[in-house]
Amino acid sequence: METMTLEQKISQGIMEAMKSRDDVRRDTLRNVKKLIIEAKTAGPNVDSLSDDAVIKIITKMAKQGADTAEIYQQQGRDDLFDYEMAQVKILREYLPEQLDDTALESEVRRIIESCGASGMQDMGRVMGVASKELAGRADGKAISAVVRRLLS
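So, here's what we can say about the structure. In this text, all values refer to a predicted model and were calculated from it rather than measured experimentally.

How each quantity is defined
- Residues numbered from 1 in each chain as written.
- Predicted model: local features only at pLDDT ≥ 70, side-chain atom pairs only at ≥ 80, totals over all residues.
- Heavy atoms only, no water.
- Helix = DSSP H or I, 4+ residues; strand = E, 2+ residues; numbered from the N terminus.
- Buried < 20%, exposed > 50% of the residue type's maximum accessible area, 1.4 Å probe, protein only.
- Contact = heavy atoms within 4.5 Å.
- Core = buried A, V, L, I, M, F, W, Y, C linked by side-chain atoms within 4.5 Å.
- Salt bridge = Lys/Arg side-chain N within 4 Å of Asp/Glu carboxyl O.
- Axes fitted to C-alpha atoms, helices over the stretch in contact; angles between N-to-C directions.
- Parallel < 35°, antiparallel > 145°, perpendicular 65-115°, else oblique.
- Left-handed = near helix turned anticlockwise from the far one by under 90°.
- Nonpolar A, V, L, I, M, F, W, Y, C, P; charged D, E, K, R; others polar.

Here we come to the overall build of the protein. Looking only at helices and strands, the protein features seven helices and zero strands. When the helices and strands of the protein are placed in sequence order, the string is α-α-α-α-α-α-α. The dimensions of the protein, computed from C-alpha atoms along their principal axes, are 55 × 45 × 30 Å. The buried share of the protein, reckoned over its 152 residues, is 32%. Excluding contacts between residues fewer than 6 apart, the proportion of contacts in the protein whose partners are at least 24 apart in sequence is 61%.

This is the structure we're talking about:
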């Protein structure tokens, strides 16, 4: 049996949400699908997106949603905060498991070793590798903070 792509899982999620009348899930996944379609039509000869490309789209949407929710919370708009966080929770279901602080630090240590990095002058090289390897599993700011701490 062939495994489904992330795009196919999202399409299936839309259908299931429609059947169960889960409007928040349906609308959230439709927004993801819309961005996937836009990405596919942006360049010539793009029939499908890799799961990594779809993960990038979902990660960006989840980050934007969390940032927006934070603003709503600061403004005392709990209704909008709750709706935004419900969408973020749905998006995170389609992302790989996030690394905790300990796992992130050990991954970054491994990457620093494999790059042969010895100080802050190697930060760019380490970040390039770390960002690629840890995409979707850790936030860019968190990766950067750990790299900076371990290299200094």
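On we go.
Nonpolar side chains in soluble globular proteins tend to be buried together. Within the largest apolar cluster, 17 residues are counted, with the highest numbers of intra-cluster contacts made by Leu-6, Ile-10, Val-32, Ile-36, Val-54 and Ile-58. Taken together, the elements giving at least two residues each to this core come down to α1 (6-19), α2 (23-42), α3 (51-74) and α4 (78-93). Top contributing element to this core by residue count: α3, with six residues. In this structure Ile-10 touches Leu-29, Val-32, Ile-36, Val-54, Ile-58 and Tyr-94, once residues within four positions along its chain are discounted. Membership of the second largest hydrophobic core comes to 16 residues, among which are Val-108, Ile-111, Ile-112 and Ala-130.

Our focus in this paragraph is the pattern of salt bridges. Any two side chains of opposite charge can pair, so long as their charged atoms come close to each other. Evaluated as defined, the whole model comprises 14 salt bridges. Put simply, Arg-25 and Asp-22 hold a salt bridge, and the shortest N to O gap is 3.6 Å. Here Lys-63 and Asp-67 are joined by a salt bridge, their closest N and O atoms 3.2 Å apart. With Lys-63 and Asp-67 both in helix α3, this residue pair falls four residues apart, about one helical turn. Of the residues examined, Asp-67 reaches a relative accessible area of 37% and is grouped as partly exposed. Here the salt bridges share partners, and the residues they tie into one network are Glu-7, Lys-33 and Lys-40.

This paragraph deals with the side chain of Gln-87. Take Gln-87: it is sitting in helix α4. In this view, Gln-87 contacts Val-24, Thr-28 and Asn-31; residues no more than four positions away in its chain are not counted.

Glancing now at unusual backbone geometry. Where the residue is not glycine, phi is negative for most of them; where a peptide bond is considered, it is trans in most cases. With a phi close to 55°, Arg-21 is a non-glycine residue in the positive phi region. Mapped onto the elements of the fold, Arg-21 is located in the loop between α1 and α2.

Between helix α5 (residues 101-115) and helix α7 (residues 140-151), the least distance of the axes is 10 Å, while the angle of their chain directions is 60°. With respect to α7, the element α5 is oriented oblique. Judged by the sense of rotation from one axis to the other, the crossing of α5 with α7 is right-handed. The segment α5 lies against α7, with Leu-104, Glu-105, Val-108, Arg-109 and Ile-112 engaging Ala-142, Ile-143, Val-146, Val-147, Arg-149, Leu-150 and Leu-151.

Turning our eyes to something else, we now look at the packing of α5 against helix α6 (residues 123-133). Relative placement of two packed helices is described by the angle separating their axes and the distance separating the axes. The contact between α5 and α6 brings their axes to 10 Å, and the two run at 130°. Taken as axis vectors, α5 and α6 run oblique relative to one another. With respect to the hand of their crossing, α5 and α6 are arranged in right-handed fashion. Residue-level inspection shows Arg-110, Ile-111, Ile-112 and Cys-115 of α5 in contact with α6, the latter providing Arg-125, Val-126, Val-129, Ala-130 and Glu-133. Each residue belonging to the contact of α5 with α6 can be placed in one class, and the counts come to six nonpolar, no polar and three charged.

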